[in-house]
Amino acid sequence: MLRRSLSLAFILFCLQLPLAAQEIKAPEAVFGFRMGEDRRLVNWEQLVSYMTALSAASPRVQLVELGRTTLERPMIMMVISGEETMADLGKYRQIQQQLARPYGLASEAASELIREGKTVCLITMNIHSTEIAASQEALELAYELATANDARIHNILDNVILLMVPSLNPDGQDMITKWYLQHAGTPAEGSRMPYKYHFYADHDNNRDWFFFSLQESRLVAQVLYHDWYPEIVMDQHQMGSTGARFFLPPYADPVNPNVAPSVMANTNLVGKHIIAEMQDQGFKGLVTNTVFNAFFEGTMSKTPLWHNRIGILTEAASARVATPLFFPRTSLRGMGQDLPEYKQQTNFLDPWPGGWWRLRDIVEYQKAAALSLLDMAAMYKEKFKTNFYELNRRAIEVKPEDHPEAYVLPQDQHDPGNLLELLKRLRYANVDIFQAGKDFRSAAGDFRAGDFVIPLAQPARAYVKDLLERQHYPDLREYPGGPPRQPYDVTAWTLPLQMGVKAVALNEALTIPLERVETLRLDIDNSWIQPGWVAIERRFTHGHQLVNRLAKSDIDIFELTEDVGGFSRGTFLVRCDAGNRERLQSLADGTQIQLQQLPLPAGEPAPPLQKIRPARIGIYQPWIPWVYDEGWLRLVLDNFEFSYQVLHNPDLQKKSSLSDKLDVLILTSQNRGSILKGLSGREKKLGDPELPAEYNGGIGDKGVEAIREFVNNGGTLLCFGEACEFAIEKLRLPAENVLENLGRKDFFIPGSILEMTLDGGSALSYGMPAQVPVYINSRIALKLLPYPAEIRETGFYGERQLLLSGWAVGEELLHGKAALAEIPVGKGKVILYAFRPQHRSQTYGTFKLIFNALY
């Protein structure tokens, strides 16, 4: 009843705005509670409605809809500045674009633009939906900037343009607020929502800021790199509850060598300024230089560093969503290697003494940090804008000693479609891409007209270099001779390796004409196809997307059962005739696949072939949202248009056979204990929230038996990463994980790229090169045992150096071990992937190792 009354009051408020626009109501007056009040939250629909009304009422505020989210909610950004600035936003946007890309911009003209322009700050909030405080703070911050008239606010409005994104994941903001409020006042209050708060990525949505797989990342990339070019970015987060109250830069070691030292120095300056100001205001428990480093490229706050922007991460200690928690002094502990104990030290000057910690506290800390940032951006406007311009100018004016000069990505690739996907990722970040105007020769090789060229003489120089070169993560130890120090995230992300694309670094100046690429397309021509057998080469990753489209168009698909006329076994075949020719050509053009006519000897009506169909696929989805691997797999399969079913615990425990509805079952990377028992094995303390019973547990013994029966009856089970250990133990497979009992000091590969060799005789390796980079993020390597049926070691590690990018301790323990194995079980088989074939949807180079099992 209360919720209904509030909604009615809000509608009446909005209707009155045109008549009384000068009266702007505070969020508290509209919603009936102060933002951050215990057990009270504003959902996304309410937030958008308030921001819409604020935009209509205040000349300082403009709401911009950036687009629609994954689940079709509006994604909004608030533009806030002084009235005169708001009346001429186009001018200030143009100034930003000129300073960000200062080709031909004279220093005198730049100085004038710097004086005339405003500091543009982007503050993003609530990418992780359980970190709910920032979305609530956004309402209060926007209101204060729209209505306050003190000197501090006027100075900000006169010198700064604030771009504020109240949630980087509106779908999850809405889900979490509704889940929490639904269970408030019950034993489940503050419990984890059992499904992903981003439809695909959950918490991993903040690892997508160089690959742009997700709709929300792409929408904000448009703001960052095409429209507004903010000099300063702040991304507001929450962290664990028992350590410091609030983190700000400086970041922890190591430093990424591709980021300009000036960028890091200014990032440190801003972080320290905010810390000092918050300390002066009485905030306690502020920490720097621990846990969070800026080596990894891929998070919202850090990726702008490679674009010459200041990138500020804030992390506030969490409550239990909107439920307050009491912290006795002895419950507080250190935070990472650089704050080993909860006591005063240089990077933690004033420890919080303990007590109640509320959502409102988080709102206060985050708002204070945001206002301090804006205050500093106003105070040092010319400094920040000058530095931004100078860094961009220097990146364009590459010195002769700066190597490489450019990267060349030849069109002649093993899989040209993957090349196109890589280039698309670079374009999301406004990287300039060209094509060679004629053939040319260099010390690195011979190249042809039309090959793609990415000069490093451009503002995104550091970004391009970091993504295309191989990472060399420093060998950091917890103490001399001790175990490796845990990185913040992964240690390798080299795009050409992940995507199976050849990229060549040039260390000499280019003298050939270059043509700027406006539209990324491959040079294909399918207009010639004639009735007969048409081949789709298996090396094309997007060929699987084409095959899936053809199957859904009721066009029969076949594959070669032996090599024919230059086409290898496994090549997809389609019978082209007058009835389907146009459709076939249209679908191939739409997926950028070059079709080829299959030559047949005279008198042979058909090649050696077999008919295939897309398998009936099931993906196990546990009630554990942070099994990210499952969501990324769904995104990959959706992108390539595979049909599948999502299965939960009850689906695997029913008496009916899985074989009746599935051909293939996939278990993504998840430890064996949680597959079997979910999280129910964790010890609960008095006061811990209780998840509703239907979301507890794992597949249990019934699920194990169902999987065993499924495989014995002819089904195929795919196990990724840690799920291999579940299959080895519960299905009693003739395999061992040789790394199972090793500690970090002996073996440690925290997200790196290594080389695997493939057995070309397996159908799994159709279309794959003999050696392939694979993404390793699990402690799994296989030793296979004697068995009365043929086991195929489809992928294995060689006896030489395997590391291609990142960091590896104990790499020699992988030498000669299997990484991809096919084990027959009854009438079916189990395929073990001791790596991540679809890591964060980035590893296009190994997608085919999944897809080839799905027909």
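A quick note: this is a predicted structure, and the numbers were derived from the prediction, not measured.

### Details of the packing of helix 10 (residues 215–227) against helix 14 (residues 416–428)
Link 1 in the chain: Relative to each other, helix 10 and helix 14 sit at 60 degrees, their axes nearing to 9 Å. Judged by the angle between their axes, helix 10 and helix 14 are oblique. Contacts between helix 10 and helix 14 pair Arg218, Ala221, Tyr225 and His226 from the former with Arg425, Arg427 and Tyr428 from the latter.
Link 2 in the chain: Of the residues in the contact of helix 10 with helix 14, the class split is three nonpolar, one polar and three charged.

### A closer look at the confidence of the model for the protein chain
Link 1 in the chain: Here the protein chain averages 95 in pLDDT, and 97% of its residues register 70 or above.
Link 2 in the chain: Per-element averaging of pLDDT across the protein chain places helix 1 (residues 2–16) at the bottom with 43 and strand 4 (residues 160–165) at the top with 99.
Link 3 in the chain: Counting contacts from residues 1–21, a segment whose pLDDT is below 50, to residues more than four positions away or on other chains yields 20 contacts.

### Section: the packing of aromatic side chains
Link 1 in the chain: Per the stated rule, a full pass over the model turns up 35 aromatic pairs.
Link 2 in the chain: Measuring from ring centre to ring centre gives 5.6 Å for Phe572 and Tyr855, while their planes differ by 70 degrees; the resulting arrangement is edge-to-face. Pair noted here: Phe572 is in strand 20 (residues 572–576) and Tyr855 is in the segment after helix 24 (847–851), with a separation of 283 residues, a long-range link.
Link 3 in the chain: Cluster of aromatic residues (ring-pair linked, three or more members): Phe211, Phe572, Phe640, Phe642, Tyr844, Phe847, Phe851 and Tyr855.
Link 4 in the chain: Geometry around Tyr251 places Lys302 over its ring, the cationic atom sitting 5.0 Å from the centre.
Link 5 in the chain: Of note, Arg634 hangs over the ring of Phe199, and the distance from its end group to the ring centre comes to 4.9 Å.

### Concerning the packing of helix 5 (residues 89–100) against helix 6 (residues 107–116)
Link 1 in the chain: Following both chains from N to C, one finds helix 5 and helix 6 inclined at 140 degrees, their axes separated by 10 Å at the closest point. The pairing of helix 5 with helix 6 is recorded here as oblique in orientation. Between helix 5 and helix 6 the crossing geometry is left-handed. The segment helix 5 lies against helix 6, with Lys91, Tyr92, Ile95, Gln98 and Leu99 engaging Ala110, Leu113, Ile114 and Glu116.

Thresholds applied
- Each residue is numbered by its place in its chain's sequence as written, counting from 1.
- Local features in a predicted model are, by the rule used here, given only for residues with pLDDT of at least 70; side-chain atom pairs are given and counted only at 80 or more, and totals for whole chains, interfaces and linings are based on all residues.
- Side-chain descriptors were evaluated using all non-hydrogen atoms of the structure, hydrogens and water having been removed beforehand.
- Angles here are taken between N-to-C directions and fall from 0 to 180 degrees, while the axes themselves are lines fitted to C-alpha atoms, restricted in helices to the stretch in contact.
- Labels follow the DSSP assignment, with helices taken as runs of H or I lasting at least four residues and strands as runs of E lasting at least two, numbered in each case from the N terminus.
- Reported orientations rely on four angle classes, namely roughly parallel under 35 degrees, roughly antiparallel over 145, roughly perpendicular from 65 to 115, and oblique for the rest.
- Pairs of residues are marked as contacts when any of their non-hydrogen atoms sit within 4.5 Å.
- Residues are grouped as follows: Ala, Val, Leu, Ile, Met, Phe, Trp, Tyr, Cys and Pro are nonpolar; Asp, Glu, Lys and Arg are charged; every other residue, Gly included, is polar.
- A residue's pLDDT is simply how confident the predictor is in it, with values from 0 to 100.
- Planes of paired rings set the category: under 30 degrees apart is stacked, over 60 is edge-to-face and the rest tilted, where pairs are Phe, Tyr or Trp rings (Trp by its six-membered ring) whose centres lie within 6.5 Å.
- Whether a charge sits over a ring comes down to the Lys NZ or Arg CZ being within 6 Å of the ring centre and within 35 degrees of the ring normal.
- Handedness of a crossing is defined here by the sense of rotation of the near helix relative to the far one, left-handed for an anticlockwise turn of less than a right angle and right-handed for a clockwise turn.

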